[in-house]
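As a plain string of letters, each chain reads:
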Amino acid sequence: MTSNLQNKIDSAIEFLQRAEKLALKMQPDHGFWLCYSGGKDSDTILELAKMAGVKFTAYYNITTIDPPELVRYIIEQHPEVVRLHPKETFLQIIKKKRML
């Protein structure tokens, strides 16, 4: 790992640790609310939050049109991520909008 990459990692961890005070002030029981999509950027911030040792909960908002491979990846590789289910499926919303 190059020292430039390590500097960026260290900087991100330091930033998360400093910002945690504000997150805990706003949500004492929760800390950070980490939005997770299953993509490479989400994997990166999830790993940085773990490395920083900050208090957080990661959430994945299910859209009901997500590729099954993505959902399986999240369930198998990141079971700690909370999956939020919508009240209506994407198809139900489209049908409702078409009737307006």
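The preceding data block contains the structure.
A few points on the structure. This structure is a prediction, so every number in the text was calculated from the model and none was measured.

Reading guide: rules and limits
Residues numbered from 1 in each chain as written. Predicted model: local features only at pLDDT ≥ 70, side-chain atom pairs only at ≥ 80, totals over all residues. Heavy atoms only, no water. Salt bridge = Lys/Arg side-chain N within 4 Å of Asp/Glu carboxyl O. Buried < 20%, exposed > 50% of the residue type's maximum accessible area, 1.4 Å probe, protein only. Patch = residues over 30% accessible without salt bridge, like charges linked within 9 Å, V, L, I, M, F, W, Y side chains within 5 Å. Areas by Shrake-Rupley, 256 points an atom, 1.4 Å probe, with all protein chains shown as cover. Helix = DSSP H or I, 4+ residues; strand = E, 2+ residues; numbered from the N terminus. Phe/Tyr/Trp six-rings, centres within 6.5 Å; stacked < 30°, edge-to-face > 60°. Core = buried A, V, L, I, M, F, W, Y, C linked by side-chain atoms within 4.5 Å. Expected span 1.5 Å × (residues − 1). Bend = angle between axes of the 7 residues up to and from the residue. Polar contact = N/O pair within 3.5 Å; in protein donor to acceptor, adjacent residues only side chain to side chain. Contact = heavy atoms within 4.5 Å.

Under the defined criterion, the tally for this structure stands at three salt bridges. Among the salt bridges present, the one from Glu88 reaches Lys96, with a minimum N-O distance of 2.5 Å. Given a relative accessible area of 44%, Lys96 falls into the partly exposed group.

What follows concerns a nonpolar patch on the surface. Among the surface-exposed residues, Ile65, Phe90 and Ile94 lie close enough to one another that they form a single nonpolar patch of about 260 Å² accessible area. Residue placement: Phe90 occurs in helix 4 (residues 90–99). Overall, Phe90 belongs to the partly exposed group, its relative accessible area being 38%.

Moving on, we get to unusual backbone geometry. The residue Thr64 is not glycine, and still its phi comes out positive at about 75°. Relative to the helices and strands, Thr64 is located in the loop between strand 2 (56–61) and helix 3 (68–77).

On to the packing of aromatic side chains. In the structure shown here, the tally under the stated rule is one aromatic pair. A centroid spacing of 4.8 Å and a plane angle of 20° characterise the contact between Trp33 and Tyr59, whose relative ring orientation is stacked. Pair noted here: Trp33 is in strand 1 (residues 32–35) and Tyr59 is in strand 2, with a separation of 26 residues, a long-range link. On the basis of relative accessibility, which here comes to 13%, the residue Tyr59 falls in the buried class.

General note: in soluble globular proteins, nonpolar side chains tend to be found buried as a group. Ranked by size, the top nonpolar core spans 15 residues in total, and within it Leu34, Tyr36, Leu46, Ala58, Tyr60 and Val81 carry the most contacts. Mapped by element, the contributors of at least two residues to this core are helix 1 (3–26), helix 2 (40–52) and strand 2.

Another aspect to go through is helix 1. For helix 1, with 24 residues, the first-to-last C-alpha span of 35 Å sits near the 34 Å given by 1.5 Å per residue. Maximal helix bending in helix 1 amounts to about 35°, located at Ala19. Within helix 1, burial applies to Ile9, Ile13, Leu16, Glu20 and Ala23.

Within the secondary structure layout, His30 lies in the loop between helix 1 and strand 1. Residue class for His30 comes out buried when judged on its relative accessible area of 17%. Side-chain polar atoms of His30 contact the side chain of Tyr59, separated by 2.4 Å. Setting aside its immediate chain neighbours within four residues, His30 contacts Lys55, Phe56, Thr57 and Tyr59.

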